[in-house]
Amino acid sequence: MPKFKVLHTGENQALIDATYAKIDGFMKEMFHEDEVIKIDDLYSFSFGTVTVNIIVRPWHSEDVLVDVFSYLAEEVELDKDQLEELLRMNATIPFGSFGISMENAIKFSYTLAGKNMDKNEFSAAIQNIAAIADQYDEQFEVAAS
């Protein structure tokens, strides 16, 4: 039997609120007020030609997830070779991964555990998502045409 603690199901609203408060502080340190849009619980900012989004999601009773993501192209029809290339790209990128939503949108995302998240890892996540998404979005928009 493993020594790690078994995750308990459930939602911890106090932890969700505390994580949003932590993100609020990080965002104020990292951006000017007019650079970030917050609608309900979703933060968004522009970087190059992409929009980066941040949202906190319930995970289990003792932690939450901080999802940092960007959509690169919508309504994409990828052939087998393009899908294989997407998977190969995932193998070379140290943080984050490409995926395809149920609506055939290409998404690049990275998820952090929120309870003990610090500014360094949060900053690395948003910088990585922004840079990679901006680097590859034109490539995937061609596939959407």
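Right above here is the structure, for reference.
First, a word on scope: everything that follows refers to the structure included in this document. (Residues numbered from 1 in each chain as written. Predicted model: local features only at pLDDT ≥ 70, side-chain atom pairs only at ≥ 80, totals over all residues. Heavy atoms only, no water.)

Hydrogen bonding along the main chain pairs the strands of a sheet, whether they run parallel or antiparallel. Read from one edge of the open sheet, 6 strands run β1-β2-β3-β4-β6-β5, paired in antiparallel fashion. The sheet is open, and its two borders are formed by β1 (36–39) and β5 (97–100), each paired with just one other strand. The mean inter-strand angle of the sheet, taken between neighbouring strand axes irrespective of direction, is 30 degrees. With 4 bridges connecting them, β5 and strand β6 (residues 106–113) associate as antiparallel partners. Of the residues in β6, the one forming a bridge with F98 is F108. Relative to strand β3 (residues 50–60), helix α1 (residues 13–30) is tilted by about 155 degrees, and along the sheet it contacts β1, β2 (42–47), β3 and β4 (63–73). (Pairing = 2+ DSSP bridges. Helix = DSSP H or I, 4+ residues; strand = E, 2+ residues; numbered from the N terminus. Axes fitted to C-alpha atoms, helices over the stretch in contact; angles between N-to-C directions. Contact = heavy atoms within 4.5 Å.)

All right, on to the packing of aromatic side chains then. In total, this model carries 7 aromatic pairs according to the counting rule given. Consider the rings of F98 and Y136, whose centres lie 5.6 Å apart with planes at 85 degrees: the pair is edge-to-face. A residue pair is termed long-range when its members are at least 10 positions apart, and F98 in strand β5 and Y136 in helix α3 (residues 119–144) qualify at 38 residues. In this structure, F98 and Y136 share a single accessibility class: buried. Here the basic side chain of K107 rests over the ring of F69, its NZ or CZ set 4.5 Å away from the ring centre. (Phe/Tyr/Trp six-rings, centres within 6.5 Å; stacked < 30°, edge-to-face > 60°. Buried < 20%, exposed > 50% of the residue type's maximum accessible area, 1.4 Å probe, protein only. Lys NZ or Arg CZ within 6 Å of the ring centre and 35° of its normal.)

Looking now at the pattern of salt bridges. In total, this model carries 6 salt bridges according to the counting rule given. The partner of K107 in a salt bridge is D67, and the shortest N-O contact between them spans 3.8 Å. Of this pair, K107 sits in strand β6 while D67 sits in strand β4; the two residues are 40 residues apart in sequence, bridging distant segments of the chain. Overall, D67 belongs to the buried group, its relative accessible area being 7%. Between E84 and R88 there is a salt bridge, with its nearest N and O atoms 3.9 Å apart. Here the residue E84 and the residue R88 both occupy positions in helix α2 (residues 80–92), the gap between them amounting to 4 residues, near one helical turn. One network of salt bridges, in which partners are shared, links R57, D67 and K107. (Salt bridge = Lys/Arg side-chain N within 4 Å of Asp/Glu carboxyl O.)

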